[in-house]
Amino acid sequence: MGENACDNFGRKVFGLAGGGQSPVFRGSFITLVAAALWSLLFPGIRSVSAGVSLSLQEGPLRFYSGSSAELTIELFGLPPEGEPSAVWKLMLGAAAVGEGETRGERGEEGTAAVRARLDFPAVSRPVEVAWAVKIFAGGRPAAEEFFLFRVYPRDLAARLRAALAGKKPGVYDPRGKLFGLLDSAGVEYTAIHTPFGLRAFRGETLLVGPRAFSSPRESLFTLLEDSGVRGVLILDQAVFPGDLPCPVEPGDPISTPGGRSVAVASGHPVLDGLEGEDLPRTGPGVRPLKKPGRGRYRSLIDPAPLRPDSGGFLSLVLECLPGGRRLIFCQIPLLGAVGRDPAADLLLANLVDLLFLPLEEPDPVFVIGGAGREERDFCRAMGLPGPRLSRPPGPYRQAIVFAGPGTVESLAGREDELVSSLGEMIESGGRLLLIGLDPETLPFWRPLLPEGLELAEYQPGAVSPPEDPLFRGISATDWEGCLRAASDYSIYQTTGEGIHPVAPLVGKADRGRGAVVICQFPFHRLLGEPASAASAAQFITNLGLAREPGPAGDKEAGR
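Residues numbered from 1 in each chain as written. Predicted model: local features only at pLDDT ≥ 70, side-chain atom pairs only at ≥ 80, totals over all residues. Heavy atoms only, no water.

Novice: How do you make sense of the overall build of the chain when you look at a structure like this?
Specialist: When its secondary structure is counted, the chain shows 14 helices and 28 strands. For the chain, with 559 residues in total, the buried portion stands at 53%. Sequence-distant contacts, at least 24 apart, represent 72% of the contacts inside the chain between residues at least 6 apart. A total accessible area of about 24100 Å² is found for the chain, and carbon and sulfur atoms account for 50% of it. (Helix = DSSP H or I, 4+ residues; strand = E, 2+ residues; numbered from the N terminus. Buried < 20%, exposed > 50% of the residue type's maximum accessible area, 1.4 Å probe, protein only. Contact = heavy atoms within 4.5 Å. Areas by Shrake-Rupley, 256 points an atom, 1.4 Å probe, with all protein chains shown as cover.)

Novice: Would you mind showing me how to read the nonpolar core here?
Specialist: Generally speaking, soluble globular proteins have nonpolar side chains that are buried together. Judged by nonpolar contacts, the single largest core of 61 residues is most densely connected at L206, F329, L433, W479 and F539. Per-element tally for this core: the top contributor is helix α13 (residues 530-543), with seven residues. Setting aside residues up to four positions removed in sequence, F539 forms contacts with L433, L470, F471, I474, V506, V517, C519 and F523. Counting 44 residues, the second largest nonpolar core, distinct from the first, contains L181, A185, Y189 and L207. (Core = buried A, V, L, I, M, F, W, Y, C linked by side-chain atoms within 4.5 Å.)

Novice: Can you help me understand the sheet that holds strand β12 (residues 205-208) in this one?
Specialist: Sheets are built from strands paired through backbone hydrogen bonds, the pairs being either parallel or antiparallel. Read across the open sheet, the eight strands follow the order β11-β10-β12-β13-β20-β19-β17-β15; overall the sheet is mixed. The open sheet terminates on both sides in strands that have one partner only, identified here as β11 (190-192) and β15 (260-263). On average, each strand axis in the sheet is inclined to that of its neighbour by 15 degrees, with strand direction left out of account. The sheet contacts of helix α7 (residues 342-354) involve β13 (231-235), β17 (297-304), β19 (317-320) and β20 (326-330), and relative to β20 the element is tilted by about 165 degrees. (Pairing = 2+ DSSP bridges. Axes fitted to C-alpha atoms, helices over the stretch in contact; angles between N-to-C directions.)

Novice: Before we go on, may I ask you to explain unusual backbone geometry in this structure?
Specialist: Most peptide bonds adopt trans geometry, and most residues besides glycine take a negative phi value. Phi angles above zero are rare outside glycine, and E109 is one such case at about 50 degrees. Mapped onto the secondary structure, E109 falls in the loop between β6 (95-106) and β7 (112-119). Owing to a relative accessible area of 79%, E109 belongs among the exposed residues under this scheme. Unlike most non-glycine residues, D236 shows phi in positive territory, near 50 degrees. Mapped onto the fold, D236 is located in the loop between β13 and β14 (249-250).

Novice: What exactly am I supposed to notice about the confidence of the model for the chain here?
Specialist: Detailed conclusions should not be drawn from predicted coordinates in areas where pLDDT is low. Summary statistics for the chain give a mean pLDDT of 81 and a share of 84% for residues scoring 70 or more. Within the model, pLDDT remains below 50 along residues 548-559, and this stretch shows 17 contacts once partners closer than five positions in the same chain are excluded. (pLDDT = per-residue confidence, 0-100.)

Novice: Explain the sheet that holds β14 to me, please; I cannot follow it from the model alone.
Specialist: Pairing is antiparallel across the open sheet formed by three strands, whose spatial order is β14-β16-β18. The open sheet has two edge strands with one neighbour each: β14 and β18 (314-315). Bridge analysis of strand β16 (residues 289-290) against β18 gives two bridges, and the strand direction is antiparallel. Paired with K290 across the two strands is L314, which belongs to β18.

Novice: Help me understand the environment of R397 in this model?
Specialist: Summarising the element assignment, R397 is placed in the loop between α8 (373-382) and β22 (398-402). Distance in space between the C-alpha atoms of R397 and G430 is 4.4 Å, their sequence separation being 33 residues. Not counting chain neighbours up to four residues away, the residues in contact with R397 comprise M425, S428, G429, G430 and R431. Side-chain polar atoms of R397 contact the backbone oxygen of G429, separated by 3.2 Å. (Polar contact = N/O pair within 3.5 Å; in protein donor to acceptor, adjacent residues only side chain to side chain.)

Structure follows, in structure tokens:
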């Protein structure tokens, strides 16, 4: 039925095709309404000719507001007699915004081609439109199909002007590609051509154009240390300066054309208006970034597909949050696609908007744990204060507890005081992260846990992509790579309510005005595993608990 061609062109959401499989419905409720109305227009069509199927020739996934496109439907399995034709409607929600009828051109061995010109509606925001097609052969119904497309406004210039109005960002762009885009959009900026210009720049926002760096021996932040820059967008680099305040390293270049991009931070503002399969594609030469195993960061878009055993764990768009700054790294070559790919326009505008959102300042966190080396090494790698064996002082509203036997044994005789103080913190609006419950220590921590919580030996199984904000940046591939090495206990609930599962080995429960997050994945014991370290760093960032490593952090933690 030509499924590959259809998948490359658009998403089929409803259809009947004799001799083929009915595609899975993937559209919105509004599209369901459109499908129902379409069926009412042709109440007599309830069956199709055996063996007839249709697909679309490969083409773009998305279109600009008010644009037109010539599309070709390929027909297969037609009976030898009868002229093929098509009747179609273009649906926006429940309203028809275009319609037509066209004859087909016969090919060899029961094939034919039907060509149609679609005029897409003018829109002010991204919308989904359905193309409903009914095929006839010799005047008799043969097949019907729905295809979904996305239509985007052509508003990149206006959005860039609005985001950067009055900001006059610095633009470091030795190759001049970013200069050209901003000039055409009418954006005012400070042009920076050389490292000397970087040293002289004074401002809060910096945009770095493609291939701005030629050697890892170059500097960026050393030159900017007195500038006051708080937001940096770095586009499409092959190498990175060696003084970045976060451990960013490019992976191997992508070698295949037409690579897909996958959103891994559901709900993040950079993905506003972008649907998963409609993200900009990558191509040969694009260099994804290795996901760091430490620091405050999250991946927003990953390349796909990746196998858990590939050793990849790569990112195309990273948001890093070191020391009161926001650094955004985008390895998708957007500047070569803007004006031709609506999704590239939208992603670039969202990335610029992200520079000016309030920074997520992590809350002070108190870590409770024994003297085990694994716990200490984990805290150091994650930028957390070292574990201590005492109750949190009054001001703390966030705490992490390594809940295994080592901690419980070291706290013998002081458990009532500690558990009581943690309970008060949670009830007053704080958050507790419990790592590594086991049957031996469960009774010790039970006063902090929901009623009926129990443990069972973890049984590896199918993994679904976690949608919870706690897992922003952690793809299904990452998590599956983690779980392959896991051997701890999972949680379940026998009575009562309150445990909300997030992903295998992770759950959370509300208590008073606060919450308890229960993490049964042994991050601290698997820090040497790339997937585990990368996922742990993002998990801690999403919890709002990460601190920067170094003497200042150690001093503040009382170490």
